[in-house]
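A closer look at the structure
The primary structure of each chain is shown beneath.
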Amino acid sequence: MKALDTAQLQALDREHHLHPFTDFKQLGEEGTRVIERAEGIYLWDSNGNKMLDAMAGLWCVNIGYGRKELAEVAYEQMQQLPFYNAFFKTTHPPAIDLAKLISEVTPAHMNHVFFCGSGSEANDTVFRMVRRYWDLKGKPNKKTFISRINAYHGSTVAGASLGGMGYMHEQGDLPIPGIVHIAQPYWFKEGGDLSPEEFGIKAAQALEEKILELGEDSVAAFIAEPIQGAGGVIVPPETYWPEIKRILDKYDILLVVDEVICGFGRTGHWFGSDYYGLKPDLMPIAKGLSSGYLPIGGVVVGERVAETLIEEGGDFNHGYTYSGHPVSAAVAAANIRILRDEGIVDRVREETGPYLQKRWRELADHPLVGEVRGVGLVGALELTNDKAARTRFDDKGSTGTLCRDFCFNNGLVMRATGDTMIISPPLVITKEEIDELVEKARYCLDLTAKELGVI
Ligand SMILES: Cc1ncc(COP(=O)(O)O)c(CNc2cccc(C(=O)O)c2)c1O
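Residues numbered from 1 in each chain as written. Predicted model: local features only at pLDDT ≥ 70, side-chain atom pairs only at ≥ 80, totals over all residues. Heavy atoms only, no water.

Here the focus is the site of the ligand. Around the ligand, a shell composed of 16 residues is seen, among which W59, G119, S120, D258 and R415 lie nearest. Here D258 contributes a side-chain N or O atom positioned 2.8 Å from a nitrogen atom of the ligand. A distance of 3.3 Å separates a nitrogen atom of the ligand from a polar atom in the side chain of K287. About the coverage of the ligand: the protein hides 84% of its 540 Å² of free accessible area. Ranked by the residues each element gives to the shell around the ligand, the list is headed by helix α6 (residues 119-136), at three residues. Tallied by class, residues from the shell around the ligand come to six nonpolar, six polar and four charged. Mapping the shell around the ligand onto the domain boundaries places at least three of its residues in each of domain 1 (33-66 + 344-452) and domain 2 (69-341). (Near = heavy atom within 4 Å. Polar contact = N/O pair within 3.5 Å; in protein donor to acceptor, adjacent residues only side chain to side chain. Areas by Shrake-Rupley, 256 points an atom, 1.4 Å probe, with all protein chains shown as cover. Helix = DSSP H or I, 4+ residues; strand = E, 2+ residues; numbered from the N terminus. Nonpolar A, V, L, I, M, F, W, Y, C, P; charged D, E, K, R; others polar. Domains from an automatic or database assignment.)

Put into structure tokens, the structure is as follows:
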């Protein structure tokens with residue numbers, strides 16, 4: 001395509017490109033921002049504006065932009081073997097190498113991985129694997145998945161159904177049968193007068209209540225993100241996961257921990273399961289698996305399920321053309337080696353994660369901020385019109401959108417989920433860049449507060 005200017009690019013985009021999670025007409029009227037290149041933690045748009053990407057793309061560019069090693073690996077692999085599949089009793093070195101590498105960085109009991117092309121496909125795989133497992137165990141009635149309200153597990157039919165977002169369920173008559181949702185551990189919104197500790201226990205006990213309501217013999221699995229990402233970086237109260245674990249120990253249901261966002265170093269540990277001391281039976285992964293350089297996802301399978309599928313399962317009738325795609329797999333393996341060999345995960349745990357959380361919490365004094373949350377290199381700010389009451393401004397969500405737009409126009413990409421501001425920067429962010437991120441965030445909070453007449 002010959003070099004087109006921004007206006008020409010925007011016009012063609014408007015004519016031909018349908019964007020995800022978008023009001024197409026409104027976007028056509030407002031126009032799109034053309035992102036042209038990126039380096040480290042920064043993006044540049046087609047007008048030359050530089051932005052600090054505090055969202056790492058979409059929670060995924062863990063090693064940062066511009067790592068030419070990954071482009072070289074892709075180039076070499078594409079010339080060697082641009083595609084072959086893992087059907088027909090065939091395999092190829094990149095898929096084998098990546099599967100082995102994943103088994104080395106995941107919890108010790110998890111040594112098998114089923115590949116796919118995205119996090120949504122990973123959760124569709126989970127849906128089918130879990131039901132297949134219980135069929136093989138002679139308990140075909142154990143079909144129901146328990147998930148959380150406001151969870152995000154993807155946008156395929158099963159992924160969106162496992163997710164708990166009502167506005168997604170309204171489009172397409174979701175959820176599909178066999179999926180129910182319980183309370184989320186979102187203290188700022190739903191804790192009422194309870195302390196976070198009390199609310200954590202209460203939210204967790206919703207799981208036992210649901211198991212008893214449905215009957216243990218019909219419940220297949222509990223699926224949860226260690227920290228709900230797209231729902232608003234809902235870091236559960238400290239009492240939540242220990243209580244969930246206590247409940248899971250009492251009942252024979254599988255634990256699925258969705259590590260699409262928390263995986264590959266986001267919390268300062270390889271996985272959110274490591275951070276919270278969880279022992280998943282299945283772990284959907286994507287995003288940080290390849291740092292978003294190429295699409296790839298997977299389901300890491302614990303020994304309990306793997307052994308049954310392998311020893312008793314016969315044909316597992318599921319899979320995708322691009323399962324273990326050789327170029328995606330080669331790039332993902334190179335990405336994991338960079339995360340491991342450059343000590344990036346360790347540095348998040350020991351240095352930059354604590355530093356970001358310290359600087360981020362300084363924003364709690366801002367008049368718009370009702371709560372500051374975060375672990376490692378993921379964080380949230382709750383925008384409120386009354387800190388004590390934890391209430392929102394009228395026209396819910398508009399304050400978040402206003403702040404997000406100020407950020408974009410002042411060199412910072414910060415996500416708004418409703419009136420919750422979110423950051424999830426590349427894991428290679430330095431302390432100096434964290435200072436820049438927080439200072440830009442504070443400046444944009446001030447602009448938002450001025451616009452609202454709060455200051
Ligand atoms: C926990 C989790 N599980 C599954 C998926 C689905 O992955 P794919 O998108 O690769 O199919 C996700 C994806 N998370 C996601 C995807 C797109 C946008 C946003 C946002 O926060 O706006 C979040 C996710 O966050």
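Let us look at the pairing of strand β3 (residues 50-53). A regular strand places its side chains so that they alternate between the two faces of the sheet. Of the strand pairs in this sheet, strand β2 (residues 42-45) and β3 are connected by three bridges, and their pairing is antiparallel. Residue pairing for β3: L43 is matched across the bridge by M51. The loop that links β2 with its antiparallel partner β3 comprises four residues; one of these, G48, has a positive phi angle of about 85°. Where β3 and strand β13 (residues 412-413) come together, two bridges link them in parallel fashion. Across the sheet, residue L52 finds its bridge partner in β13, namely L412. (Pairing = 2+ DSSP bridges.)

With mixed pairing, four strands are arranged side by side in an open sheet as β1-β2-β3-β13. Since the sheet does not close on itself, it has two edges, and those belong to β1 (35-39) and β13, each with one partner.

Taking burial as the measure, the five residues of strand β5 (residues 144-148) include five buried ones, the bulk of the element. Burial along β5 is two-sided: the residues T144, I146 and R148 and F145 and S147 are all buried. Relative to strand β7 (residues 219-224), β5 runs parallel, the two being bridged by three bridges. Residue pairing for β7: F145 is matched across the bridge by A221. (Buried < 20%, exposed > 50% of the residue type's maximum accessible area, 1.4 Å probe, protein only.)

Tracing the chain through its elements places T384 in the loop between β12 (378-383) and α16 (398-408). Polar side-chain contacts of T384 include one of 3.0 Å to the backbone nitrogen of D386. The contacts of T384, once residues within four sequence positions are left out, are F188, P367, L368, V369, G370, R390, T391 and F393. (Contact = heavy atoms within 4.5 Å.)

Let us look at the confidence of the model for the protein. The pLDDT averaged across the protein works out to 97; a share of 100% of its residues lies at or above 70. Confidence estimates for the predicted assembly give a pTM of 0.98 and an ipTM of 0.99. (pLDDT = per-residue confidence, 0-100.)

Generally, phi is negative for residues other than glycine and the peptide bonds are trans, each holding for most cases. Cis geometry is adopted by the peptide bond preceding P175, which originates at L174 and carries an omega value of 0°. Structurally, the position occupied by P175 is in the loop between α8 (166-169) and β6 (179-182). Despite not being glycine, A56 shows a phi value in the positive range, around 45°. Along the chain, A56 turns up in helix α3 (residues 56-59). The phi angle at K287 is positive, at roughly 40°, despite the residue not being glycine. Within the secondary structure, K287 is located in the loop between β9 (282-285) and β10 (297-302). Judged by relative accessible area, K287 falls into the partly exposed class, the value being 24%.

Here we come to helix α4 (residues 68-80). Because each turn of an α-helix spans 3.6 residues, side chains separated by three or four positions end up pointing in the same direction. Helix length check: α4, at 13 residues, gives a terminal C-alpha distance of 18 Å against a target of 18 Å (1.5 Å per residue), a fit within 8%. The complete set of buried residues in α4 reads L70, A74 and Q77. With its buried residues spanning 75° around the axis, α4 presents them on a single face. Across from the buried face of α4, at angles greater than 90 degrees, the exposed residues are K68, Y75 and Q80. (Expected span 1.5 Å × (residues − 1). Arc of directions from axis to C-beta.)

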